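Structural overview for review
Here are the chains, one letter per residue:
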Amino acid sequence: MDPLFFKLVRVVNLTARPFHERVGRDHQLTLNEWRAMAVLAAQPGLNATQIADQTGLDKMAVSRALAGLKRHKRVQRHDDPTDQRSRRLYLTAAGKTLHETVSALAREREAALFAGVDADELARLDATLAVNVRAVFVAIQAALAHMGSGGRIVNIGSTNAERMPFAGGSVYAMSKSALTGLVQGLARDLGPRGITVNNVQPGPVDTDMNPANGPMAATMHSFMAIDRHGHADEIAGMVAYLASPEAAFVTGAGLNIDGGFAA
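Rules used in this analysis
Residues numbered from 1 in each chain as written. Predicted model: local features only at pLDDT ≥ 70, side-chain atom pairs only at ≥ 80, totals over all residues. Heavy atoms only, no water. Helix = DSSP H or I, 4+ residues; strand = E, 2+ residues; numbered from the N terminus. Rg over C-alpha atoms; globule rule 2.2 N^0.38 Å. Buried < 20%, exposed > 50% of the residue type's maximum accessible area, 1.4 Å probe, protein only. Contact = heavy atoms within 4.5 Å. Areas by Shrake-Rupley, 256 points an atom, 1.4 Å probe, with all protein chains shown as cover. Lys, Arg positive; Asp, Glu negative; His and termini not counted. Charge placed at Lys NZ, Arg CZ, Asp CG, Glu CD. Phe/Tyr/Trp six-rings, centres within 6.5 Å; stacked < 30°, edge-to-face > 60°. Expected span 1.5 Å × (residues − 1). Pairing = 2+ DSSP bridges. Axes fitted to C-alpha atoms, helices over the stretch in contact; angles between N-to-C directions. Salt bridge = Lys/Arg side-chain N within 4 Å of Asp/Glu carboxyl O. Right-handed = clockwise from strand over helix to strand, strands pointing away.

1. Brief notes about the overall build of the protein
When helices and strands are counted, the protein shows ten helices and five strands. Since a compact globule built from 263 residues should have a radius of gyration of about 18 Å, the 23 Å found for the protein marks it as more spread out than a globular shape. Its C-alpha atoms give the protein principal-axis dimensions of roughly 65 × 50 × 25 Å. Among the 263 residues that make up the protein, the fraction classed as buried is 37%. Considering only contacts within the protein whose residues lie at least 6 apart along the sequence, 67% involve residues at least 24 apart. Split by element, the accessible area of the protein, about 15,300 Å² in all, is 56% carbon and sulfur. Across the protein, the centroid of the 27 positively charged side chains sits 12 Å from that of the 25 negatively charged ones.

Written out as structure tokens, the structure reads:
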């Protein structure tokens, strides 16, 4: 069992549940209103759609949150000079004061909650996400700046996004599962440009880091329908297909090439 994953889940639960009792009730502030305030404090002048994008809330939830903030005179709207149909949103003086107050309480709560999480574990989490998630996102954004219509984005993930049969692999599996959501979202974003985005998810492949005759080989093969390591040219063949004109109708997919590891 990987203790960091379960500690982080507990931190999330302990942060969200008591918000109303400890903060919201005293300041007449809902959790979604706080999320909108936090985004506007960091990025003044956003519109409602941009707040939804930044917070992950749906538009109706953002609308209700902004209505509550406006009712308590915590946000103000200004015309958008670039779009007459849109309004830019800013915190009022009262909103800024409340944001500072709640931020201080949040920092105190954060320090108390994370006191039980080892700093080295957090560093390993950050390093895993930086390599397996952030680097992929940054590389895709850099490539898109030069990619024309009909382009192809093929990411190499892992079958562990769908199956992690060993203890101790939760953070790695989480990082690979994150790529599933990234690829699906980008497929929607880039479809109008004719750009496809797909995730190739290999199982055990014979490499220097995971040799076919390594100490874990027999154990991994016991989980597979085809009980051997894959070969690099087999993975390359799937990538070549996804990059070809024949795959123009394949997008947003997570394609396992794992000898049945996740079957």
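Let us keep going from here.
2. With respect to the packing of aromatic side chains
Enumeration according to the criterion identifies two aromatic pairs in this entry. Note on Phe166 and Phe223: the rings are 5.4 Å apart at their centroids and 80° apart in plane angle, and the pair reads as edge-to-face. Placement of the pair is Phe166 in the loop between strand E3 (152–156) and helix H8 (170–190) and Phe223 in the loop between helix H9 (217–221) and helix H10 (232–242), with a sequence separation of 57 residues. With a relative accessible area of 25%, Phe223 lands in the partly exposed category.

3. With respect to helix H3 (residues 31–42)
In this model, H3 (twelve residues) spans 17 Å end to end at C-alpha, consistent with the 16 Å of a helix rising 1.5 Å per residue. Listed in full, the buried residues belonging to H3 are Glu33, Trp34, Ala36, Met37, Val39 and Leu40.

4. What about the sheet that holds E3?
Taken together, three strands build an open sheet; the order of strands is E3-E4-E5 and the sheet is parallel. Bordering the open sheet on either side are E3 and strand E5 (254–257), each of which pairs with just one other strand. Taken pair by pair, the neighbouring strands of this sheet meet at an average axis angle of 25°, ignoring direction. Two strands pair when backbone bridges link them, and strand E4 (residues 196–202) and E5 are joined in this way by four bridges, in the parallel orientation. Looking at the pairing, Pro202 lines up with Ile257 of E5.

5. Here we look at the pattern of salt bridges
A complete count under the given rule lists two salt bridges for this structure. Of the charged contacts in the structure, one is a salt bridge between Glu234 and Arg228, with a shortest N-O distance of 2.8 Å. By relative accessible area, Glu234 is classed as partly exposed at 31%.

6. Observations concerning the pairing of strand E1 (residues 75–80)
Summarising the sheet, E1 and strand E2 (residues 83–91) pair through six bridges and their orientation is antiparallel. Paired with Val75 across the strands is Leu91, a residue of E2. If you look at the hairpin formed by E1 and E2, you'll find two residues sitting between the two strands.

7. Concerning the pairing of E3
Both E3 and E4 contribute to a ladder of five bridges, which runs parallel. Looking at the pairing, Asn155 lines up with Asn199 of E4. With H8 bridging E3 and its parallel neighbour E4, the resulting β-α-β unit is right-handed.

Geometric descriptors of this kind do not, in isolation, establish any biological role.
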